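The lines below spell out each chain.
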Amino acid sequence: MSMIPKDLKYTASHEWVRDNDDGTVTIGITDHAQELLGDLVHLELPEADSEYGLEDAIAVAESVKAASDIYAPVSGTVVEVNEAVLDAPELVNTDAYGEGWLFTIRLDDADELQELMDATAYRSMLEEESGEDGDGDDDDDFDDNDEDDDDYADDDDHDGDKRK
Amino acid sequence: MQQTALYQRHLQAGAKMVDFAGWEMPIHYGSQLNEHKQVRSDAGLFDVSHMVIVDIHGPGAKAWLQKLLANDIARLTTPGKALYGCMLNPDGGVIDDLIVYYRTDTFYRMVVNAATRQQDMDWMQQQAAGFDLTLTERSDLSMLAVQGPNARTKALSILPPDQAAKAADLKPFFGVEIGEGFIASTGYTGEDGFEIMLPHAEAQQAWDALLAAGVAPVGLGARDTLRLEAGMNLYGNDMDQTTSPLISGLGWTIALEPEDRDFIGRSALEAEKAAGVKQRLAGLVLEGKGVLRSHMRVICSNGEGETTSGTFSPTLGKAIALARIPVASGDGCEVDIRGKLVPARIVRPCFVRHGKSVVAS
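Computed from a predicted model, the values in this text were never measured in an experiment.

1. A look at the pairing of strand β11 (residues 181-184) of chain B
Residues and elements named next belong to chain B.
Consideration 1: Alternating positions in β11 separate into two faces, G181 and I183 on one and F182 and A184 on the other, with burial throughout.
Consideration 2: Two elements, strand β10 (residues 175-178) and β11, share 4 bridges in a ladder whose sense is antiparallel. Bridge pairing in β11 links V176 to I183.
Consideration 3: Counting the residues in the hairpin turn of β10 and β11 gives 2 residues, including G179, whose phi is positive at 60°.
Consideration 4: Of the pairings in the sheet, the one linking β11 to strand β12 (residues 193-199) comprises 3 bridges and is antiparallel in character. Considered in β12, the bridge of F182 is made with M197.

Rendered as structure tokens:
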């Protein structure tokens, strides 16, 4: 089972939220999410000062495999984005809850934090999902927008052309 | 779901397993990027036992293959020589792409895709009527691929001396029997290396020996990024039953000479040529930020096209794709990445060879 820090809040779409206790929250994707995505190679992050509603598509994480939407876990205004992960997306893989943070938001409504899952609830959700699909680590349970549907699950293989 | 003879070894190596055409196969063993780089810089080991090996025996084998394939098996005159080509439907659509190894005029070995196994076998059985031959699926054999600049040396090091000598003598795109098995200087990565067919127990031993020789296991994820960098087509993505080889970058695999060889799909291809081929499969290198995927809209100066395969190229550090676009479309285009138009360069569809970018910068 992947890492799930106790001091964070979580969404069903695998974002984590850290309450900075100053009216802002820091947001990233969970260790479980980065495991599902595999090696990240590109991130699209929101502009500072832009406003988002609850569960709006706010960012995109692209791995070698797929593009996945990241949804705003709370409504509010973007304060800061992590420029470091734009240059080094692998930070999300290596340190999802630390250097791999994505952006901070100034909350419109602090009560929205109460609606998020705590670590225990998130863990239960992951366990339930893994129970359902049998192996606990299935790609298909990740809420993504995988436009090309290219998860290798049912694509064709090919033995090669070898134009040497 | 089916498992290969190497299934337990994948688990031991920490593989994440996925369903691939009904087979439980390793997608990666931790990091697809690292596995990709391992093949470009050293040597990687793939289990491709899900692929379908079919032996064709009989006096009718040669004539049958000349009818079945758009490429001409008569081009093979040296035992062991391999031929890449397509099996077409009467409309010129691609039923599958495959490799045929020439053994004798009455014995050929063919390797086809796992995902198309049933349609391939049905089609071949149907077309075999009236020809004196037998088709035998070799499910008793596993298939390994060892690829990378050091693959040759490391693979030879685990073979008995007599077999190693035979393998070392192979020219590119040739194969030879080794004991109960078969080794060929072929691959799907754009690197040097071998593909090796062995009885299951021997394949398990070879797997262990290759790992001990410092060859790292590589999953199907990296197999896809490696083949795309090498500009090699993937059946189902870059061509299928609805696309002819002429618009799939596979014109070079069609043998229209001799004119009296009446292969399946020939008249459709001739009609397509006579009417003027409208599209081509090109390579794209993304100039802006983002990652290319399949089925993205491509806007060219003279019309629109679509990406058929796309990925982030670890070697180039940029997104690359194969795309079906109008012919004579110049050297620049834009790709619709989730509503944003991002500029891309149109290049020859081959991005990396032997570890290095072959795209002009």
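Structure's up, so let's keep going.
2. A short note on unusual backbone geometry
Consideration 1: The omega torsion of the bond from E257 of chain B to P258 of chain B falls at -5°, within 30 degrees of zero and hence cis.
Consideration 2: Residue placement: P258 of chain B occurs in the loop between α8 (220-229) and α9 (266-275).
Consideration 3: Phi is positive for H14 of chain A, close to 75°, though the residue is something other than glycine.
Consideration 4: Residue placement: H14 of chain A occurs in the loop between β1 (9-10) and β2 (15-19).
Consideration 5: Among the residues examined, H14 of chain A registers a relative accessible area of 1% and is labelled buried.
Consideration 6: In the Ramachandran plot, A328 of chain B falls in the positive-phi region, its phi being about 55° despite a non-glycine side chain.
Consideration 7: Within the fold, A328 of chain B resides in the loop between β17 (318-326) and β18 (332-337).
Consideration 8: Classification of A328 of chain B by relative accessible area gives exposed; the value is 69%.

3. Examining the domain arrangement of chain B
Residues and elements named next belong to chain B.
Consideration 1: Domain parsing of chain B yields domain 1 (2-48 + 139-229) and domain 2 (278-357).
Consideration 2: Using C-alpha coordinates to define each centre, domain 1 is positioned 30 Å away from domain 2.
Consideration 3: With 11 residues of domain 1 at the contact, the number on the domain 2 side is 16 residues.
Consideration 4: Across the interface of domain 1 and domain 2, roughly 1,000 Å² is buried in total on both sides, 61% from carbon and sulfur atoms.
Consideration 5: Considering only the side of domain 1, the residues that lose the most area to domain 2 are G190, L228 and E229, jointly responsible for 55% of the buried surface there.
Consideration 6: The interface formed by domain 1 and domain 2 holds 0 salt bridges in total.
Consideration 7: Contributions of two or more residues to the side of domain 1 that touches domain 2 are made by α2 (32-41) and α8.
Consideration 8: Of the residues belonging to the side of domain 1 that touches domain 2, the class tally is 2 nonpolar, 3 polar and 6 charged.

About the cut-offs
Residues numbered from 1 in each chain as written. Chains lettered and ligands numbered in written order. Predicted model: local features only at pLDDT ≥ 70, side-chain atom pairs only at ≥ 80, totals over all residues. Heavy atoms only, no water. Buried < 20%, exposed > 50% of the residue type's maximum accessible area, 1.4 Å probe, protein only. Helix = DSSP H or I, 4+ residues; strand = E, 2+ residues; numbered from the N terminus. Pairing = 2+ DSSP bridges. Domains from an automatic or database assignment. Contact = heavy atoms within 4.5 Å. Buried area = accessible area lost by both parts, 1.4 Å probe. Salt bridge = Lys/Arg side-chain N within 4 Å of Asp/Glu carboxyl O. Nonpolar A, V, L, I, M, F, W, Y, C, P; charged D, E, K, R; others polar.

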